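Fold and geometry: a report
Here is what each chain is made of, one letter per residue.
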Amino acid sequence: MAQQEDIFKKVVSHCKEYGFVFPSSEIYDGLGAVYDYGQNGVELKNNIKQYWWQYMVLLHENIVGLDSAIFMHPTIWKASGHVDAFNDPLIDNRDSKKRYRADVLIEEQIAKYEDKIEKEVAKAKKRFGDSFDEAQYRTTSARVLEEQAKRDNLHKRYQEVMNAEGGINLEGMKQIILDEEIVCPLSGTRNWTDVRQFNLMFKTEMGAAAEGASTIYLRPETAQGIFVNYLNVQKTGRMKVPFGIAQIGKAFRNEIVARQFIFRMREFEQMEMQFFVKPGTELQWFDEWKKRRMAWHQALGFGAENYRFHDHDKLAHYANAATDVEFKLPFGFKEVEGIHSRTDFDLSQHAKFSGKKIEYFDPEDNTSYTPYVIETSIGVDRMFLSIMCHSYCEEKLEDGQTRTVLRLPAALAPVKLAVFPLTKKDGLPEKAREIIDSLKFHFNCKYEEKDQIGKRYRRQDAIGTPFCVTVDNQTLEDNTVTLRYRDTMKQERVNISDLRGIIEDQVTITSLLKNLK
Ligand code: GAP
């Protein structure tokens, strides 16, 4: 675990050192849980978005795009339920004055019991060696059974308070925190306030106060922009159910427990798709979208073992199925994407609150209905973090040195090709620039002449550049260069005229899409 935490810390500082992610407003000491993407980060982020967009919109004939405004009519958030129910249960410790999410404190306590069980099992495995029967040990060891009973009892109480009639039982939550003797990690005391609900939406004012300014919200998800444009898109695009609308854009949540770098931010980006289907077919489509989205993730090549589904047993009242795609991060399997079967809840609510009829006339059987919706919703920043964590690698070389290399999928790398003149004289810089000028229309190239070649290779390894080319005196004679591959560090002499053919196929988003069967 400590080793994993170390890796995470290294990834965070690597992001800063190599121009991927900076704390926002850093010269003013930063702004909590808000980040800026630097010169390399913005390229990686754009590539992730392109990979998603091209898969969803270009490869699916029945999915179209949208770019709706961040500001929307305030009644939208009343209709969607966000004004009344987009809350986190909070609790304060009176001694440290620190605020926590009560549900997170309880979930961490559950995780502690689970951790203890796993440690017991691991110890026994070591003690008994090959003859160890894990299943039997889990059902007979007194210590394991004791911890399991504590965990199950807590889990049951937690489910009960979360699913109480009329919303979360806040008093019940506080009682669990007291009964479990959960202490504040800072003060070490159990001096807790009551648990209160806190709405996560940011508010602002539109129009000057004198003209009667109205309170509006910064959207906490992009999805509502899709729902309220359902009729516009369906009619003008003459879309036939089943069809989807995809959108990428910023979302804002006043997260209280904002930590783990860009995993939980107050300003972040989502890539969402609402797929409108005929009622009764939604669960079939839900399964289909689970398959398609998992295939999209796995086509990046990080290994199937790093992904899993986490099906929800607790469903929102309007949903009839929901799952998370979880990715293995240094701090455990975590949600990167949600796939939800949301029935006709959102469209019906908007019909009710706007007074407009929002239906689909199905020409196949002459019926009208409110379509059901399957939603796929993924965070760009979480995807970015997952990719960075899995690409970051410290490699021991034969000469005893360590190289830090970012093994990014080539199609996502910020720079695809770096071109180095061996020296700054004899016309080598000019030749190097000539190569860049002929290739820069096809993929992102970078020119570098500072320091010796070895150092230049290391700098490119650290930002994940899959190809480097060195121009030397022989280049001037025969138009060949040394091409060096990031992952194998293999070098070969190739003709300048062959470079585009060798590189382009491996660095386009299309090369990733081709991995999708
Ligand atoms: N429209 C559905 C929706 O917004 P969600 O599970 O709340 O569902 C979807 O969010 C995805 O957005 C998450 O899986 C996560 O990747 C990302 N996300 C949510 N809150 C986030 C935050 N505070 N910071 C970064 N990403 C976040």
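Residues numbered from 1 in each chain as written. Predicted model: local features only at pLDDT ≥ 70, side-chain atom pairs only at ≥ 80, totals over all residues. Heavy atoms only, no water.

Our focus in this paragraph is the sheet that holds strand S11 (residues 307-311). Spatial strand order, S3-S9-S10-S16-S13-S12-S11: seven strands in an open sheet with mixed pairing. The open sheet has two edge strands with one neighbour each: strand S3 (63-66) and S11. Across this sheet, the average inter-strand angle for adjacent strands is 25°, counted without regard to direction. Judged from the four bridges that link them, S3 and strand S9 (residues 243-252) form a sheet pairing that is parallel. By the bridge assignment, Ile63 is partnered in S9 with Gly244. On top of the sheet, helix H11 (residues 282-298) reaches S3, strand S10 (267-277), S11, strand S12 (321-329), strand S13 (332-341) and strand S16 (372-379); it is set at about 145° to S13, its chief contact. (Pairing = 2+ DSSP bridges. Helix = DSSP H or I, 4+ residues; strand = E, 2+ residues; numbered from the N terminus. Axes fitted to C-alpha atoms, helices over the stretch in contact; angles between N-to-C directions. Contact = heavy atoms within 4.5 Å.)

Of all residues adjacent to the ligand, which total 19 residues, the nearest are Glu221, Met265, Glu272, Glu335 and Val336. Side-chain polar atom of Glu272 to a nitrogen atom of the ligand: 2.6 Å apart, as the coordinates give it. Contacts to the ligand include Glu375, whose side-chain N or O atom sits 2.9 Å from a nitrogen atom. At the level of elements, S10, S13 and S16 are the ones that each hand at least two residues to the shell around the ligand. (Near = heavy atom within 4 Å. Polar contact = N/O pair within 3.5 Å; in protein donor to acceptor, adjacent residues only side chain to side chain.)

What follows covers the environment of Glu5. Turning to its location among the elements, Glu5 is positioned in helix H1 (residues 2-17). Residue Glu5 is classed as partly exposed on the basis of its relative accessible area, which comes to 44%. It is 6.3 Å that separates the C-alpha atoms of Glu5 and Pro330, two residues lying 325 residues apart in sequence. (Buried < 20%, exposed > 50% of the residue type's maximum accessible area, 1.4 Å probe, protein only.)

Looking at the element boundaries, Lys16 is found in helix H1. Not counting chain neighbours up to four residues away, the residues in contact with Lys16 comprise Val21, Phe22, Pro23 and Glu26.

We now examine the pattern of salt bridges. As enumerated under the stated definition, the model contains 44 salt bridges in all. Taking the shortest distance from any N to any O, the salt bridge between Glu434 and Lys431 comes out at 3.3 Å. Here the residue Glu434 and the residue Lys431 both occupy positions in helix H14 (residues 428-439), the gap between them amounting to three residues, near one helical turn. On the accessibility criterion, Lys431 (13% relative accessible area) is buried. One network of salt bridges, in which partners are shared, links Glu395, Arg403, Arg407, Arg458, Asp461, Arg484, Arg486 and Asp487. (Salt bridge = Lys/Arg side-chain N within 4 Å of Asp/Glu carboxyl O.)

Read from one edge to the other, the open sheet built from five strands follows the order S20-S19-S21-S22-S23, with strand pairing classed as mixed. Sheet topology places strand S20 (445-447) and strand S23 (491-495) at the edges, where each strand pairs with a single neighbour. Put simply, the sheet's adjacent strands are angled 30° from each other on average, direction ignored. In the sheet, strand S19 (residues 417-421) pairs with S20 via three bridges, with the strands oriented parallel. Bridge assignment links Leu417 to a residue of S20, and that residue is Cys445.

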